[in-house]
Amino acid sequence: MVESVARLRGIRVTPQKARRVIELVRGKQVNEALAILKFAPQGASEPIYKLVASAAANARVKADKENVFLDEQDLFISSIFVDEGTTLKRFQPRAQGRAFKILKRTSHITVVVATPDVIAGASAKAAKKEAK
C-alpha cells in the first residue's frame, strides 16, 4: 500500500564497504534493520542507519498524506543498493619527486521501504509480464 524512497548521494564511504553493510539488512523488517545497524561495527552503518530511518519517516508522511493507515511494524526494506559516486583524485608526494595517486571514492545509497502488500503486488505484475 505504501512505498517510500530515501537517497543519500555523495557520501564519503567506498561502495565496497557500504555494500558489506547493506547485505546485513537487505529484505529485513525496518525495526530489525535499525537494530542491526545500530550495533554494527562498520563505519558505514551510521549513515545507512539514518537513511533507513529517513525512509521509514518518509513512508509515515506519505501514508498520512494519502490518509492510509500504516503500521510501522509492517514496513520492510524492499530494495537497497549502492552505486558508485564521483571519485576525488588526490596526489601524495613520494621519494625522488614522484607522486602517488590517491582515489577517494564516494557512494550513492538508495533505500526503498514498502508494506508487504506492495511487495506482493509488484511480484504479481512481474509474473504477468513473464507469462506474456
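Residues numbered from 1 in each chain as written. Predicted model: local features only at pLDDT ≥ 70, side-chain atom pairs only at ≥ 80, totals over all residues. Heavy atoms only, no water.

1. Examining the pairing of strand E2 (residues 76–93)
Quick note on the threshold: The rule for pairing is simple: two strands pair if DSSP sees at least two bridges between them. A run of H or I in DSSP counts as a helix once it spans at least four residues, and a run of E counts as a strand once it spans at least two, with each numbered from the N terminus.
One ladder, built from 15 bridges, connects E2 with strand E3 (residues 99–114); its direction is antiparallel. Of the residues in E3, the one forming a bridge with Ile-80 is Val-111. Where E2 hands over to E3, the hairpin turn is made up of five residues, of which Gln-96 adopts a positive phi near 60 degrees.

2. Topic: the pattern of salt bridges
Definition in use: Salt bridges are defined by distance alone: a side-chain nitrogen of Lys or Arg within 4 Å of a carboxyl oxygen of Asp or Glu. Using a 1.4 Å probe on the protein chains alone, a residue whose accessible area is under 20% of its type maximum counts as buried, one over 50% counts as exposed, and one in between counts as partly exposed.
The full count for this structure, using the stated rule, is four salt bridges. Notably, a salt bridge pairs Lys-50 with Glu-46, separated by 3.8 Å at the nearest N-O pair. Within this pair, Lys-50 and its partner Glu-46 are both found in helix H3 (residues 45–65), separated by four residues, close to a single helical turn. Each member of the pair, Lys-50 together with Glu-46, is exposed.

3. Structural notes on the sheet that holds E3
Our working definition: Axis definition: a line fit to C-alpha positions, over the contact stretch in the case of helices; interaxial angles, taken between N-to-C directions, run 0 to 180 degrees.
Ordered by their spatial adjacency, three strands build an open sheet running E1-E3-E2, and the pairing between neighbours is antiparallel. The open sheet has two edge strands with one neighbour each: strand E1 (3–11) and E2. The sheet shows a mean angle of 10 degrees between the axes of neighbouring strands, direction not considered.

4. A look at helix H1 (residues 15–25)
As a reminder, the rule being used: Here the arc refers to the set of directions running from the helix axis out to each C-beta atom. In this description, contact between two residues means that some pair of their heavy atoms is separated by no more than 4.5 Å.
Among all positions of H1, only Pro-15, Ala-18, Val-21, Ile-22 and Val-25 are buried. All buried residues of H1 fall inside an arc of 125 degrees around its axis, so they share one side. Pointing more than 90 degrees away from the buried face of H1 are the exposed residues Gln-16, Lys-17 and Arg-20. Its buried side turned inward, H1 meets helix H2 (30–39), H3, E2 and E3. Count one or two residues on from H1 and you reach Gly-27, which has phi positive near 80 degrees.

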